[in-house]
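# Summary of the model geometry
For reference, the chains in residue letters:
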Amino acid sequence: MKPTLVSLSRNELDLAHLAVPLQLEELLAGDGPWEVEIGFGKGRFLLRRASAETGGRFLGIEVARKYYRLAQKRMRKQGLGNVILIAGEALYLLSVALPAAFASVVHVYFPDPWPKSRHQKRRLFDPESVDLVIGLLRPGGRLYFATDHLEYGDLVAEILGSHPAITVSTRQGLWEDGPRTNYEAKYEREKRPIVRLEATRSGEAGDDLIHPLTRRSLLAAARLPGS
Ligand SMILES: C[S@@+](CC[C@H](N)C(=O)[O-])C[C@H]1O[C@@H](n2cnc3c(N)ncnc32)[C@H](O)[C@@H]1O
């Protein structure tokens, strides 16, 4: 795997030199709530949110270096000091680099649907990887999701709906703030149907963060004391 870079508003740091899980509070001081966007593309939504909510803190993850660089340039140009951009693979970063339960809001818009069955392990939302995404949310935190891949959207609704820590609803129509991302704006112009989901992690700190399908597939063997 190529080294992953963390970009702050002025400096760029090599993640290899930082402790993991990342000490986000040290990277971006303040007490504002954290919002995360996974797969931010050219950064339209994340940077707009960050400039509208100057008291909030924003973290974006994007695997495509050219989009990361573009968003980084825009972030600098706009003088935004409340954003961290990370170039890297989301599932890896969620597993290794990010702390648990720090985000008030997580946004995922038009993630790659990986329709071929041999590629589906790469999906951000399957019964295993969903736990990594949900694990970012603090109790009571919100997840916003959209896709134009209707079959994937229905599956994500089902996966979230059967998660013990989550309540989910399908949104009818556009967000109140209009199309959020470039893909959403394009698909809205083309009048493509879109599945939009809004989910909330339960408000209890000790809630069950393992999807039941994953739990059923876990096996463990151990010699019990005295046997
Ligand atoms: C279809 S585009 C959507 C971009 C943006 N969210 C939008 O709605 O305009 C999917 C984005 O997710 C990024 N992406 C795909 N897989 C990813 C992964 N595993 N980790 C991080 N980013 C990923 C892609 O590079 C791309 O920018």
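Let us look at the structure shown here. (Residues numbered from 1 in each chain as written. Predicted model: local features only at pLDDT ≥ 70, side-chain atom pairs only at ≥ 80, totals over all residues. Heavy atoms only, no water.)

## A short note on the overall build of the protein
How we decide: Secondary structure is summarised from DSSP: a helix means a run of H or I of at least four residues, a strand means a run of E of at least two, and numbering begins at the N terminus for each. Radius of gyration here uses only the C-alpha atoms, and the compact-globule reference equals 2.2 Å multiplied by the residue count raised to the power 0.38. Classification of residues uses two cut-offs on accessible area relative to the type maximum, computed with a 1.4 Å probe and protein chains only: under 20% is buried, over 50% is exposed, and between them is partly exposed. Whether two residues are in contact is decided by their heavy atoms, any of which lying within 4.5 Å being enough. Charge convention: Lys and Arg are scored as positive, Asp and Glu as negative, and His as well as the terminal groups of each chain are ignored. Taken as the charge location is NZ of Lys, CZ of Arg, CG of Asp or CD of Glu.
A tally of helices and strands in the protein yields 8 helices and 9 strands. For 227 residues, the compact-globule estimate of 2.2 N^0.38 gives 17 Å, and the C-alpha radius of gyration of the protein, at 18 Å, lies within 12% of that figure. Dimensions of the protein along its principal axes, counting C-alpha atoms only, are 65 × 45 × 35 Å. Relative to its 227 residues, the protein shows a buried fraction of 45%. Across the protein, the fraction of contacts at a sequence separation of at least 24, relative to all contacts at a separation of at least 6, is 77%. Of the side-chain charges in the protein, 32 are positive and 27 negative, and the distance between the mean point of each set is 7 Å.

## Here we look at a nonpolar patch on the surface
Just so we agree on the cut-off: Patch rule: a residue counts if its relative accessible area is over 30% and it has no salt bridge; like charges are joined within 9 Å, and nonpolar side chains (Val, Leu, Ile, Met, Phe, Trp, Tyr) within 5 Å. Residue burial considers only the protein chains on display, and all accessible areas are found by Shrake-Rupley using a 1.4 Å probe. Salt bridge, as used here, is a side-chain nitrogen of Lys or Arg placed within 4 Å of a carboxyl oxygen of Asp or Glu.
On the surface, V20, Y92 and V96 cluster together into a nonpolar patch covering about 240 Å² of accessible area. Within the secondary structure layout, V20 lies in the loop between β2 (12-14) and α1 (24-27). Classification of V20 as partly exposed rests on a relative accessible area of 44%.

## Quick notes on the nonpolar core
Using the following cut-off: What we call a nonpolar core is a set of buried Ala, Val, Leu, Ile, Met, Phe, Trp, Tyr and Cys residues that are connected through their side-chain atoms within 4.5 Å.
Within the largest apolar cluster, 38 residues are counted, with the highest numbers of intra-cluster contacts made by I38, V106, F125, L143 and L160. Apart from residues no more than four positions distant in its own chain, F125 is found in contact with V108, V130, V133, L143, F145, Y152, V156, I159 and L160. Counting 12 residues, the second-largest nonpolar core is a separate cluster that includes L46, L47, M75 and A87.

## A closer look at the site of the ligand
Selection rule: Here a residue counts as near a molecule or strand whenever at least one of its heavy atoms sits within 4 Å of it. Side-chain atoms alone can form a polar contact between residues adjacent in sequence; in general such a contact is a pair of N or O atoms within 3.5 Å, and within protein one must be able to donate a hydrogen while the other accepts it. Every definition here rests on a 1 Å grid over the protein atoms only: cavities are sets of points where a 1.4 Å probe fits but cannot get out, pockets are open sets enclosed by protein on both sides within 12 Å along at least five of seven lines, and lining residues have some atom within 4 Å of a point. Throughout, a molecule is located in a cavity or pocket provided that more than half of its atoms lie within 2 Å of its grid points. Throughout, the ten residues Ala, Val, Leu, Ile, Met, Phe, Trp, Tyr, Cys and Pro are labelled nonpolar, Asp, Glu, Lys and Arg are labelled charged, and all others, Gly among them, are labelled polar.
Lining the immediate surroundings of the ligand are 15 residues, of which G39, E62, E89, Y109 and T181 lie closest. Measuring from an oxygen atom of the ligand, one finds a side-chain N or O atom of T181 at 2.7 Å. Measuring from an oxygen atom of the ligand, one finds a backbone N or O atom of N182 at 3.5 Å. Protein burial of the ligand: of its 590 Å² of free accessible surface, 86% is covered by the chains. For the ligand, the cavity whose grid points lie within 2 Å of the majority of its atoms is the largest pocket. Each residue belonging to the shell around the ligand can be placed in one class, and the counts come to 7 nonpolar, 5 polar and 3 charged.

## Brief notes about the environment of Q72
Examined against the element boundaries, Q72 turns out to sit in helix α3 (residues 65-77). Judged by relative accessible area, Q72 falls into the buried class, the value being 5%. With 59 residues separating them in the primary sequence, Q72 and D131 have C-alpha atoms 29 Å apart.

## A closer look at the pattern of salt bridges
As enumerated under the stated definition, the model contains 15 salt bridges in all. In this structure, D177 and R180 form a salt bridge, with 3.1 Å as the shortest nitrogen-oxygen distance. Exposure remark for D177: the relative accessible area of 37% places this residue in the partly exposed category. Look at R180 and you get buried, because its relative accessible area is 5%. For D208, the salt bridge is made with R215, and the minimal N-O distance between the two is 2.8 Å. Judged by relative accessible area, D208 falls into the partly exposed class, the value being 31%. A cluster of three or more residues bridged by salt bridges with shared partners is formed by R142, R171, E176, D177, R180 and E198.

## Here's the deal with the packing of aromatic side chains
We apply this condition: Here the aromatic set is Phe, Tyr and Trp, taking the six-membered ring for Trp, and pairing holds for ring centres within 6.5 Å; pairs whose planes are under 30 degrees apart are stacked, those over 60 apart are edge-to-face, and all others are tilted. Two conditions define a charge sitting above a ring: the NZ of Lys or the CZ of Arg must be within 6 Å of the ring centre, and it must be within 35 degrees of the ring normal.
With the rule as written, the count across this model stands at 9 aromatic pairs. Aromatic pair Y144 and W175: ring centres 5.8 Å apart, planes at 85 degrees, arrangement edge-to-face. You can see Y144 sitting in strand β7 (residues 137-147) and its partner W175 sitting in the loop between β8 (166-171) and α7 (182-189), a full 31 residues away along the chain. For the pair formed by Y144 and W175, the shared burial category is buried. Clustering of aromatic rings is evident, with ring pairs tying together F45, Y109, Y144 and W175. Positioned above the aromatic ring of W114 is the side chain of R122, whose terminal nitrogen or guanidinium carbon lies 4.7 Å from the ring centre. Here the basic side chain of R180 rests over the ring of Y144, its NZ or CZ set 5.1 Å away from the ring centre.

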